Amino acid sequence: MDIRQLEYFTELAKTKNFRKASENLHLSQPALSKSIRLLEEELNTVLIARTNKSFELTDTGEALLRKAVFLLQQFHDIYKTIEDVRLSNQGEIKIGIPNILGFLCYFELICEFQKKYPGIIRAIHQENGGHGEAVNTGIRNATGLYFKVVDSDDWVDLDAYRKILDKLREISGGDRVLDMFIANYVYEKEGVKHKKVMRCSNLPKDRIFTWKEAGHFHKGQYILMHSVIYRTEMLRLCQLKLPKHTFYVDNIYVYYPLPHVRTLYYMDVDFYRYFIGREDQSVNEKVMISRIDQQIYVTKSMISMYELRMVESKKLRKYMINYLAIMMTVSSILCIRSKVNENLKKKKELWVYLKKKDYRTYVKIRYGILGQTMNLPGKSGRKVSS
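On a predicted model such as this, the values are computed, not experimentally measured, just so you know.

Undergrad: Hey, could you go over the layout of surface pockets for me, with residue numbers and the actual values?
TA: Volume-wise, the second largest pocket comes out at about 350 Å³. Looking at the second largest pocket, it is lined by 20 residues, and the ones nearest its centre are Lys318, Ile321, Asn322, Lys364 and Ile365. Counting only elements with at least two residues in the lining of the second largest pocket, the list comes to α12 (314–338), α14 (359–366) and α15 (369–374). Looking at the lining of the second largest pocket, the element that brings in the most residues is α12, giving five residues. Broken down by class, the residue content of the lining of the second largest pocket amounts to seven nonpolar, six polar and seven charged.

Here is the structure:
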C-alpha cells in the first residue's frame, strides 16, 4: 500500500464513478481500476460493491475511507508544518516520527521528509510497541532541550506554537531551569461547533513558579498530556518508561514525573487540539469498557509509584491524590457500567490493592465524595454510581 493508492481510493469514494475519478486524478480508467484491485488484494477484502447500476463502499471500504481521509490530511498538514518550522526556526526544532502505524507508505513519507529536512525531521524505525513505546523511543532519541508529545489524532495551533517557542528560547537563555511548560488544550469534538478550552486559571501566568505558588486545583481539573512540555533531561533523569502495548499510558506520562518537577511556567494560549468523537477512539466509553483490564493496570501502576505522604510539596501531594481519585473513579464506573460480574470483582480488587499499597491515600480517596459514591452497596447503589 502506498500514499497514491489511498489518494485514488478516496477520490473514487468521493465521486462514486471510475470515469470522473480518473479524470480528476489525470489517470487512465484502467490504471485506476488496477490500483483499486491491487489494494483489495493486498488487504484481502472487497472495498467496493460493484454493480451495473450502483456504486457502494462495503463496510471495510467505509472503514478504510475514514482512516485514509485522516492519514491524507496528516500528510498534507505535515508538509505545511515542516515548511513553517523550516522558515521560522532553521532547524531549531527536531521532530521524531516513529513508524508505528504499520503502513509502508507512512514510513516512506517520513524518510522523504528526513531527506528534505535533515536538520529537522528524524525517521525512527521500531517495532510497533503502541503509544507508550513510541514515547519511550522519542525520549531516547530526542536531542532538543524540551520534549512534546503530539498524538496521531491531534495537532497544534501554529500561532500558539510560535509564541511558546519564543518563550522557551527566552527561558533557556536565562538563569533558571524550567522543568515543565503548560499551555491550554482544546477539545476538537466531531459535530460540535463551539470548542471547549481547558485552561489552568489557578496557575500564575507568564512567569516561572513552583508548586508552592500554584493555586488550588479543584476536583475535575487536571494537567493532561495535551497541556505539557517537559524538559527532556528531566524525563531521562527520573527514568520515565511507559508500558508497551497498553492504552491510557498518557496518565502515567503526566503523573510519574511530577515529584521531579521543581519549576513550572503557564502560558494562556490555546495550543493543543485534542480530537475526540471517533467511534473507535480509545476514549470512547464502549472501547474503554472493552479495555477495562488496561485501565485497571495503568491505575495500579500509578498507585505503586509513590507512597504519597513522602511527596514534599503539600499542594502537589493533594493534587496527586486527587488525580488517583479520578483514576479510581473512572475504573470503578467502567466496571459498574459493564454490568459484568467479573468486572465488579475487579473493581473490588482494585480498591483492596490501593488499601494494601498506600493506606493513608486509600482512606482519603475511599471516604471522600468520589470514593463513597463509587462504593454504594447493592444494585441501587451501582445504579447511582454509574
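Don't stop here, the text continues.
Undergrad: Just give me the short version of the pairing of strand β11 (residues 264–276), but keep the residues and values in it.
TA: Burial of β11 is extensive: eleven of the 13 residues sit out of reach of the surface. Relative to β11, strand β6 (residues 155–156) is paired through two bridges, and the arrangement is antiparallel. Among the inter-strand pairings, Trp155 is bridged to a residue of β11, identified as Arg273. Pairing geometry for strand β7 (residues 180–189) and β11, over ten bridges, is parallel. The partner of Tyr185 across the bridge, within β11, is Tyr272.

Undergrad: So what about the environment of Glu285? Which residues, and what values?
TA: Note that Glu285 resides in helix α10 (residues 285–290). As for Glu285 and Leu334, which are separated by 49 residues in sequence, their C-alpha atoms are 7.9 Å apart. Other than its neighbours up to four places away in sequence, Glu285 contacts Leu334 and Arg337. Among the polar contacts made by the side chain of Glu285, one reaches the side chain of Arg337 at a distance of 2.9 Å.

Undergrad: Which residues make up the pairing of β7, and what values go with them?
TA: Here β7 lies mainly inside the structure; eight of its ten residues are buried. Bridge count between β7 and strand β10 (residues 228–231): three bridges; the pairing is antiparallel. Bridge pairing links Ile182 to Val228 in β10. Examined bridge by bridge, β7 and strand β8 (residues 196–198) share three bridges and lie antiparallel to one another. Bridging from a neighbouring strand, Val186 pairs with Val197 of β8. The loop that links β7 with its antiparallel partner β8 comprises six residues; one of these, Gly191, has a positive phi angle of about 85°.

Undergrad: Can you lay out the packing of helix α1 (residues 3–15) against helix α3 (residues 29–43) for me, pointing to particular residues and giving the numbers?
TA: Between α1 and α3, whose axes approach to 10 Å, the crossing angle comes to 110°. Here α3 runs roughly perpendicular to α1, going by the angle between their axes. Of the residues in α3, those in contact with Gln5, Tyr8, Phe9 and Leu12 of α1 are Leu32, Ser35, Ile36, Leu38, Leu39 and Glu42. Of the residues that constitute the contact of α1 with α3, the class distribution is seven nonpolar, two polar and one charged.

Undergrad: Before we move on, can you summarise the side chain of Lys167 with the specific residues and values?
TA: For Lys167, the position within the fold is in helix α7 (residues 158–172). Judged by relative accessible area, which is 17%, Lys167 ranks as buried. Residues within four places of Lys167 in sequence aside, it is in contact with Phe181, Tyr265 and Met267.

Undergrad: Tell me about the pattern of salt bridges, and please be specific about residues and values.
TA: By the definition in use, this model includes 19 salt bridges. Across the pair Arg37 and Glu41 runs a salt bridge, and its minimum N-O distance is 3.9 Å. Remark: Glu41 and Arg37 occur in helix α3; sequence separation between them is four residues, near one turn of the helix. Here Glu41 falls in the exposed class, since its relative accessible area comes to 53%. Of the charged contacts in the structure, one is a salt bridge between Arg337 and Glu285, with a shortest N-O distance of 2.9 Å. Linking Arg337 in helix α12 with Glu285 in helix α10, this pair joins segments that are 52 residues apart in sequence. Classification of Arg337 as partly exposed rests on a relative accessible area of 34%. Here the salt bridges share partners, and the residues they tie into one network are Arg199, Lys205, Asp268 and Asp270.

Calculation rules
Residues numbered from 1 in each chain as written. Predicted model: local features only at pLDDT ≥ 70, side-chain atom pairs only at ≥ 80, totals over all residues. Heavy atoms only, no water. 1 Å grid on protein atoms, 1.4 Å probe; cavity = no way out; pocket = protein on both sides within 12 Å on 5 of 7 lines; lining within 4 Å. Points joined across faces, edges and corners; volume = space filled by probe spheres on them. Helix = DSSP H or I, 4+ residues; strand = E, 2+ residues; numbered from the N terminus. Nonpolar A, V, L, I, M, F, W, Y, C, P; charged D, E, K, R; others polar. Buried < 20%, exposed > 50% of the residue type's maximum accessible area, 1.4 Å probe, protein only. Pairing = 2+ DSSP bridges. Contact = heavy atoms within 4.5 Å. Polar contact = N/O pair within 3.5 Å; in protein donor to acceptor, adjacent residues only side chain to side chain. Axes fitted to C-alpha atoms, helices over the stretch in contact; angles between N-to-C directions. Parallel < 35°, antiparallel > 145°, perpendicular 65-115°, else oblique. Salt bridge = Lys/Arg side-chain N within 4 Å of Asp/Glu carboxyl O.

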